[in-house]
Amino acid sequence: MTEPTLSIIAPVYNEAESLPTLVKRLREILQTVEVSWELLLIDDGSRDRSAEIMRSLAAEDPRVRPVIFARNFGHQIAVTAGLDYSRGRAVVIIDADLQDPPEVIVEMLARWREGYEVVYGVRTDREGESWFKLFTASLFYRLIYRITDVTIPLDSGDFRLLDRKVVDVLNQMRERHRFLRGMSAWVGFRQIGVPYSRAKRFAGETKYPFKKMLRFASDAITGFSYFPLQLATYLGFLSAGISILAIPVVIVLRASGSQAFLGQATTLIAVLFLGGVQLISLGILGEYLGRLYDQVKGRPLYIVREIPEPLKQIR
Ligand code: UDP
Ligand code: MG
């Protein structure tokens, strides 16, 4: 079987209702650009009929290639598996819920043919998302932008096209706690954004509840910044500075017979404040240490349970 020009990767977690439409819309749009393609559907341990539907979609069209995980490993890991299995000269990552309009791929391909190696989608507006999601997302992107060493384009998601050269580099970066949009900025190459408006979810609910969003944010921050670790140093200098200044002040106040700073409350507040700061700093250390430990264990990033036929033959 010859290698396709374009690989499309869609991570899937309980998206049974969206899958047939996703495949249909991709097929229609790719017909217009006349490239050979494959669609890698990564089933990230779905509990609904996603895997079953994938098998039947693959049976109908050999360009559809499911990879089925043994359990849920998370969105970023599912995309990683897609990158590992992709064979195209260009690779597009797209959400399975049709929030990233497949039509934008045409423009991404045009940019790629102009010589750009990373073409990322920039969300100009987002339909049907809660104000909370919009607010936290905007805060997150701006925070990441300020405290990390890589320039991650504002409001770009994982919807992007990567040249084979970029995919090969990313495939060598086997970090467990992954923030792919950061990693694909970090590698360099010629990059450009294409604006698009993010659609509503086709069906179902978001698979990113608040807890997962927090974990995602802390993976992004710890993966690309030492700022939280340095925070302890800054706070240490700050409180040491304040106490040095306070010594002469208190001496003068006492000598002049003032009653200020007498009593337990002041002491208690100072002790609790510093205790809190120390515990938070320890927690931050723990975040990095835990990730370090995970990495050192060197377990595989994901476990594949099943690869329905056609794909198996080529790997
Ligand atoms: N997803 C996944 N594993 C997970 C969570 C999500 O593969 O543990 C997939 C999901 O099926 C979708 C994409 O990742 O295709 C983006 O997730 P979602 O649409 O829920 O995120 P949102 O768009 O709400 O940020
Ligand atoms: Mg979505």
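Going by the structure above, here's the rest.
Residues numbered from 1 in each chain as written. Chains lettered and ligands numbered in written order. Predicted model: local features only at pLDDT ≥ 70, side-chain atom pairs only at ≥ 80, totals over all residues. Heavy atoms only, no water.

Draft legend 1. Region of interest: the pairing of strand β7 (residues 191–198). Of the two faces of β7, only the one carrying I192, V194, Y196 and R198 is buried; Q191, G193, P195 and S197 on the other face are not. Relative to β7, strand β5 (residues 118–126) runs parallel, the two sharing 8 bridges. Considered in β7, the bridge of V119 is made with I192. (Buried < 20%, exposed > 50% of the residue type's maximum accessible area, 1.4 Å probe, protein only. Helix = DSSP H or I, 4+ residues; strand = E, 2+ residues; numbered from the N terminus. Pairing = 2+ DSSP bridges.)

Draft legend 2. Highlighting the site of ligand 1. Among the 19 residues in the neighbourhood of ligand 1, the closest are listed as D44, D97, Q99, T206 and K207. One nitrogen or oxygen atom from the side chain of D44 is found 2.6 Å from a nitrogen atom belonging to ligand 1. When ligand 1 sits alone it has 530 Å² of accessible area, and the protein chains cover 96% of it. Tallied by class, residues from the shell around ligand 1 come to 5 nonpolar, 5 polar and 9 charged. (Near = heavy atom within 4 Å. Polar contact = N/O pair within 3.5 Å; in protein donor to acceptor, adjacent residues only side chain to side chain. Areas by Shrake-Rupley, 256 points an atom, 1.4 Å probe, with all protein chains shown as cover. Nonpolar A, V, L, I, M, F, W, Y, C, P; charged D, E, K, R; others polar.)

Draft legend 3. Structural view of the pairing of strand β4 (residues 90–93). Here β4 shows a buried face lined by A90 and V92 and a second buried face lined by V91 and I93. Two elements, strand β1 (residues 6–12) and β4, share 4 bridges in a ladder whose sense is parallel. Bridging across to β4, I9 finds its partner in I93. In terms of strand pairing, β4 meets strand β6 (residues 156–163) through 4 bridges, oriented antiparallel. Looking at β6, one finds that V92 is bridged to L161.

Draft legend 4. View of the nonpolar core. I42, F69, L83, F140, L162, L170 and Y302 are the most contacted members of the largest nonpolar core, which has 41 residues in total. No other element matches helix α3 (residues 75–85), which puts 6 residues into this core. Those residues in contact with F140 that lie beyond four places of it in its chain are F179, F216, A217 and A220. Core analysis: the second largest hydrophobic core is formed by 36 residues, I29, L41, L98 and V194 among them. (Core = buried A, V, L, I, M, F, W, Y, C linked by side-chain atoms within 4.5 Å. Contact = heavy atoms within 4.5 Å.)

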